[in-house]
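The residues making up each chain are set out below.
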Amino acid sequence: RQAGRQQPMADGGEGDGGNAAAERVVSADELGKHRKRRDCWVAVHGVVYDVTKFLLHHPGGTTVLLDAGGTDASALFDDVGHSVEAIDAVADSRIGTLAPPPASS
């Protein structure tokens, strides 16, 4: 075995040959560009999802997702009391993680 294969790489990728090409990190600015019926992304608990294909299937209606589109919708998601199954429904649409806000100077 090669000792270096088990260690994480400096760029955040895995050095063990796993399936983790570095996960995409989405800035709040980029997220904000995706708030339309044909291109709708939301972030929930730090994970960004493309919910475009789910719009017509959302039990709460299309408008709810479009209103939350392009934003961190974690509070809205929690306020409604979604189940784990709700995240499972869009898990295949995961884009990446939401970048932390820039540090203020």
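Everything below is about the structure shown above.
Read on for an overview of the structure. Keep in mind it's a predicted model, so treat the numbers as computed, not measured.

## Considerations on the overall build of the chain
- The helix and strand inventory of the chain stands at 4 helices and 5 strands.
- Each helix and strand of the chain, placed in order from N terminus to C terminus, yields the pattern β-α-β-β-β-α-α-α-β.
- Across the 105 residues that make up the chain, the buried fraction comes to 30%.
- The contacts of the chain with a sequence gap of at least 6 include a subset with a gap of at least 24, amounting to 60%.
- Carbon and sulfur atoms make up 52% of the accessible area of the chain, which amounts to about 7,400 Å² in all.

## A short note on the nonpolar core
- Within the largest apolar cluster, 15 residues are counted, with the highest numbers of intra-cluster contacts made by Val-42, Tyr-49 and Val-51.
- Not counting the four nearest positions on each side in its chain, Val-51 is found in contact with Cys-40, Trp-41, Val-42, Leu-65 and Val-90.
- Formed by 6 residues, the second largest nonpolar core is a distinct cluster that contains Val-26, Trp-41, Ala-43 and Val-48.

## Observations regarding the pattern of salt bridges
- Going through the model one piece at a time under the given rule, you end up with 2 salt bridges.
- Across the pair Arg-94 and Glu-23 runs a salt bridge whose closest N-O atoms are separated by 2.7 Å. Here Arg-94 is found in strand 5 (residues 94-98), whereas its partner Glu-23 is found in the segment before strand 1 (25-26), with 71 residues between them in sequence.
- Arg-24 is the partner of Glu-30 in a salt bridge, and the nearest nitrogen-oxygen pair spans 2.3 Å.

## A closer look at the pairing of strand 5
- For strand 1 and strand 5, the ladder comprises 2 bridges, and the chain directions are parallel. Along strand 5, the bridge assignment pairs Val-26 with Leu-98.
- Across 3 bridges, the pairing between strand 4 (residues 47-50) and strand 5 is antiparallel. Across the sheet, residue Val-48 finds its bridge partner in strand 5, namely Gly-96.

## What to know about the sheet that holds strand 1
- Spatially, 1-5-4-3-2 is the arrangement adopted by the 5 strands of the open sheet, whose pairing is mixed. If you trace the sheet from one side to the other, it starts and ends with strand 1 and strand 2 (35-36), each paired once.

## With respect to the layout of surface pockets
- Empty space within the largest pocket amounts to approximately 390 Å³.
- Contributing to the lining of the largest pocket are 20 residues, with Phe-54, His-58, Leu-65, Phe-77 and His-82 lying nearest its centre.
- Elements supplying a minimum of two residues to the lining of the largest pocket: strand 3 (39-44), helix 2 (62-68), helix 3 (74-80) and helix 4 (84-90).
- The element best represented in the lining of the largest pocket is helix 4, accounting for 4 residues.
- Grouping the amino acids of the lining of the largest pocket by side-chain chemistry returns 17 nonpolar, 3 polar and no charged.

Rules used in this analysis
Residues numbered from 1 in each chain as written. Predicted model: local features only at pLDDT ≥ 70, side-chain atom pairs only at ≥ 80, totals over all residues. Heavy atoms only, no water. Helix = DSSP H or I, 4+ residues; strand = E, 2+ residues; numbered from the N terminus. Buried < 20%, exposed > 50% of the residue type's maximum accessible area, 1.4 Å probe, protein only. Contact = heavy atoms within 4.5 Å. Areas by Shrake-Rupley, 256 points an atom, 1.4 Å probe, with all protein chains shown as cover. Core = buried A, V, L, I, M, F, W, Y, C linked by side-chain atoms within 4.5 Å. Salt bridge = Lys/Arg side-chain N within 4 Å of Asp/Glu carboxyl O. Pairing = 2+ DSSP bridges. 1 Å grid on protein atoms, 1.4 Å probe; cavity = no way out; pocket = protein on both sides within 12 Å on 5 of 7 lines; lining within 4 Å. Points joined across faces, edges and corners; volume = space filled by probe spheres on them. Nonpolar A, V, L, I, M, F, W, Y, C, P; charged D, E, K, R; others polar.

In short, geometric facts, not functional conclusions.
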